Amino acid sequence: MTDTLQTSLPQGKMPQLRVMPMPADANVHGDVFGGWIMAQVDIAGSLPAVRRANGRVATVAVNSFVFKQPVFVGDLLSLYADIVKVGNTSITVNVEVYAERNRLQVEIVKVTEATLTYVATDENRQRRPIPPLVEE
Ligand SMILES: CC(=O)SCCNC(=O)CCNC(=O)[C@H](O)C(C)(C)COP(=O)(O)OP(=O)(O)OC[C@H]1O[C@@H](n2cnc3c(N)ncnc32)[C@H](O)[C@@H]1OP(=O)(O)O
């Protein structure tokens, strides 16, 4: 598992989300609940999906989710999300989470990796086609 240890955050990319878990997010041993991390990953992954879908999306599947290293209260988490597939109505996003621990000593650890699929939905919560990509 040596590939989980990083010395820096991904270069040239902006995190979708940065967040710090608080004591209420931890179990009795002080480690952060997996469910809390999953919620942050779901939010981070939805952000590029909403932009690409130009509107609301719903999470239809968590295709994979790996907790590579524990997360501790006070870690500063950076969540990076990249669209890896666009279907007719669905968008699949890869999310990577890095923790900055002991921030004065700059220890950065890759803690989580996940792939989720979102479906573009309309005002009746029914699936809708992904609109064509508009060049900016
Ligand atoms: C806001 C939130 O995120 S709330 C989080 C919880 N999520 C929800 O409450 C969503 C509940 N689910 C639903 O409402 C419905 O399943 C919907 C609207 C998301 C999808 O509606 P359905 O009619 O079931 O869609 P359908 O089966 O045709 O699949 C739609 C797309 O999702 C994909 N999909 C469906 N199931 C899966 C799966 N298990 N894994 C990967 N992709 C899937 C399909 O391949 C299809 O993609 P494509 O159109 O790009 O080919």
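My aim in this report is to walk through the structure given alongside it, one point at a time. (Residues numbered from 1 in each chain as written. Predicted model: local features only at pLDDT ≥ 70, side-chain atom pairs only at ≥ 80, totals over all residues. Heavy atoms only, no water.)

## Notes on the site of the ligand
Reasoning step 1: Close to the ligand lie 15 residues; Thr59, Asn88, Thr89, Ser90 and Arg127 are nearest.
Reasoning step 2: Separating an oxygen atom of the ligand from a side-chain N or O atom of Ser90 is a distance of 2.7 Å.
Reasoning step 3: Burial of the ligand by the protein amounts to 47% of the accessible area it has alone, namely 1000 Å².
Reasoning step 4: Elements supplying a minimum of two residues to the shell around the ligand: β3 (57-67) and β6 (107-120).
Reasoning step 5: Among the elements that take part in the shell around the ligand, β3 stands out by supplying 6 residues, more than any other.
Reasoning step 6: Of the residues in the shell around the ligand, the class split is 5 nonpolar, 8 polar and 2 charged. (Near = heavy atom within 4 Å. Polar contact = N/O pair within 3.5 Å; in protein donor to acceptor, adjacent residues only side chain to side chain. Areas by Shrake-Rupley, 256 points an atom, 1.4 Å probe, with all protein chains shown as cover. Helix = DSSP H or I, 4+ residues; strand = E, 2+ residues; numbered from the N terminus. Nonpolar A, V, L, I, M, F, W, Y, C, P; charged D, E, K, R; others polar.)

## Digging into the packing of aromatic side chains
Reasoning step 1: Enumeration over the complete set of coordinates arrives at 2 aromatic pairs.
Reasoning step 2: Measuring from ring centre to ring centre gives 4.9 Å for Phe65 and Phe67, while their planes differ by 45°; the resulting arrangement is tilted.
Reasoning step 3: Judged by centre distance (5.7 Å) and plane angle (85°), the ring pair of Tyr80 and Tyr98 falls under edge-to-face. Taken together, the residues Tyr80 in strand β4 (residues 76-86) and Tyr98 in strand β5 (residues 90-101) connect sequence positions 18 residues apart. (Phe/Tyr/Trp six-rings, centres within 6.5 Å; stacked < 30°, edge-to-face > 60°.)

## Some remarks on the side chain of Arg52
Reasoning step 1: Structurally, Arg52 can be placed in helix α1 (residues 34-53).
Reasoning step 2: Side-chain polar atoms of Arg52 contact the backbone oxygen of Pro131, separated by 2.8 Å.

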